[in-house]
Every structure is written in structure tokens, then in C-alpha cells.
Amino acid sequence: MELNQSNYYGRDANGLFFSVSQYKDFMKCEAMAMAKIRGEYQQPSTRALLVGSFVDSYFEGTLPEFMRQNPEIFTRRNELKSEFRKANEIIGRVAADATFARFMSGEKQRIMTFSLFGVEWKMKMDSYLPGICITDLKVVANFKSLPLWRYDLQGAVYQKGVEQVTGEKLPFYLAAATKERVVDLDIFQIPQTTLNLAMDEIGFSIQRYIDVKRGLEPPKYCGHCDYCKSIKAATIRNYNELLEG
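Residues numbered from 1 in each chain as written. Predicted model: local features only at pLDDT ≥ 70, side-chain atom pairs only at ≥ 80, totals over all residues. Heavy atoms only, no water.

Draft legend 1. Main features of the pattern of salt bridges. For the structure on display, the rule yields 13 salt bridges. Across the salt bridge formed by arginine 38 and glutamate 40, the nearest N and O atoms sit 3.1 Å from each other. In this structure arginine 38 comes out as partly exposed when scored by relative accessible area, which is 33%. The salt bridge partner of aspartate 226 is lysine 229, with a shortest N-O separation of 3.8 Å. Here aspartate 226 pairs with lysine 229, and both are found in helix H10 (residues 226–231), just three residues apart, close to one helical turn. We classify aspartate 226 as partly exposed; its relative accessible area is 48%. For lysine 229, a relative accessible area of 47% translates into the label partly exposed. Salt bridges sharing partners connect three or more residues here, namely Glu30, Arg208 and Glu217. (Salt bridge = Lys/Arg side-chain N within 4 Å of Asp/Glu carboxyl O. Buried < 20%, exposed > 50% of the residue type's maximum accessible area, 1.4 Å probe, protein only. Helix = DSSP H or I, 4+ residues; strand = E, 2+ residues; numbered from the N terminus.)

Below, the structure is given as C-alpha cells:
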């Protein structure tokens, strides 16, 4: 299957390829990951995700189209809601910074497919500068939250993907901006030692997820994600459980 911007997120592509986001889904809840692959569950879009997509679309050159496709970002008076006015502020701040702009000056949304751990993977890079670096754009509440999102896993896979396709092992950077009252911005390089550890982690756990995706093993239910709560049946529980921890 040849991937493009139109089919990259489609059900067929998700069934055929692993991706970093799919791998993270399996980490969170195998049952939820499989429901998404089968098209039985769609994770609701949040305001935070929409704000990030708003800024992403600016760098992709698709902001007008994004605004047309997401009328919920506007008030009844057809004005941008406060979160998206903040997104505009972030765009103005990062676009005016020479270092930030340089790291985001590569090929936008470059798709690559490759083999890793015996299965096919897909990835789409925010900014790809051949021979120089891979950069991913992140809009976050604050810089301290970056490690919580496990972008080291993303960096490890993206680096390995480019290496598989081109033969070049490129450094991986996060071009990050915050949604704080005063926008902060910096470029974070994820060290190679950290990327190596992340790749080792994926290699250790991926076979289980491959087997689940192929139907060789039943998926485990985490019991507390939105998907698990949406399909659960009521049980009789002890009230005192709520007092523990």
C-alpha cells in the first residue's frame, strides 16, 4: 500500500502498518488499540489536540483549510475562541524566531514506510532536513510535560525509519512552544543514548503487540481508559475500595 496525505490515517493503513501513536495505544490499553484499528472506536478530539493541530497546520501551509474544517474553533460571533487566539500568538512568536524557523524549514509532513522488528511501520515527519536533522513540532502546557508524552519513543522510531530508507542516521529534535501566559520556546535535542534506550524498550515489548494485532493473542483490557469504561458492564463493588490509596 502506498501512503499519502489522504490515506495515511485510514483504517487500511492502520491495519497494515504500526506507527508510534499506535504503539503508544498498545502501551496504554491493548483492547483500545485494537478497537481503533478495527474502526470500532475513535478517540475524541480535545481542545488541547486541536490547538496543536492549529499550529501544525500553519507550518504545513494548510491553516485556512484547517479553520474551514473545524468550525468549533469559532464562537457564535465567528471569532476565534480564546485557546485558538493563544495558538495564533504562539504562531507569531515561533515564526519570528530565526532558530525555531530554521529547524522547521525542512520538508513538511514527509511520509516514510519501513520495516522494523519484522513488521511494517509508517511515520510522518513535521520537518525533515535531509542530511541534517528530523524535527517534530510540539505545543505543550510547559516544558516539564515533554518527557511525560514519551517523545523519546517517537524520536527513536523516526531516526531508525530515516536510516532504513536513506542510510543516514540523523539527530532528532523537538521544536517546542508552550501555552503559558507568556509563550516560551526552545529546541530540544533528544540525546542518542536516550533514543537507544527507547528503541531497546520497543524491541522488548513489540512482539506481544504484533501477536495481538495479528489475532494470535487476545488483547488485554486496562479497565480504566475511556474505551474500557464505554463498554463495561456494571459490577457490585465494596464502597471501601474508594477509600484506599
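From this point, the discussion proceeds with the structure in view.
Draft legend 2. Structural view of the state of the cysteines. Tallied over the full model, the rule gives zero disulfides. Here cysteine 29 is not disulfide-linked; the sulfur of cysteine 228 is the nearest cysteine sulfur, at 3.6 Å. (Disulfide = S-S within 2.5 Å.)

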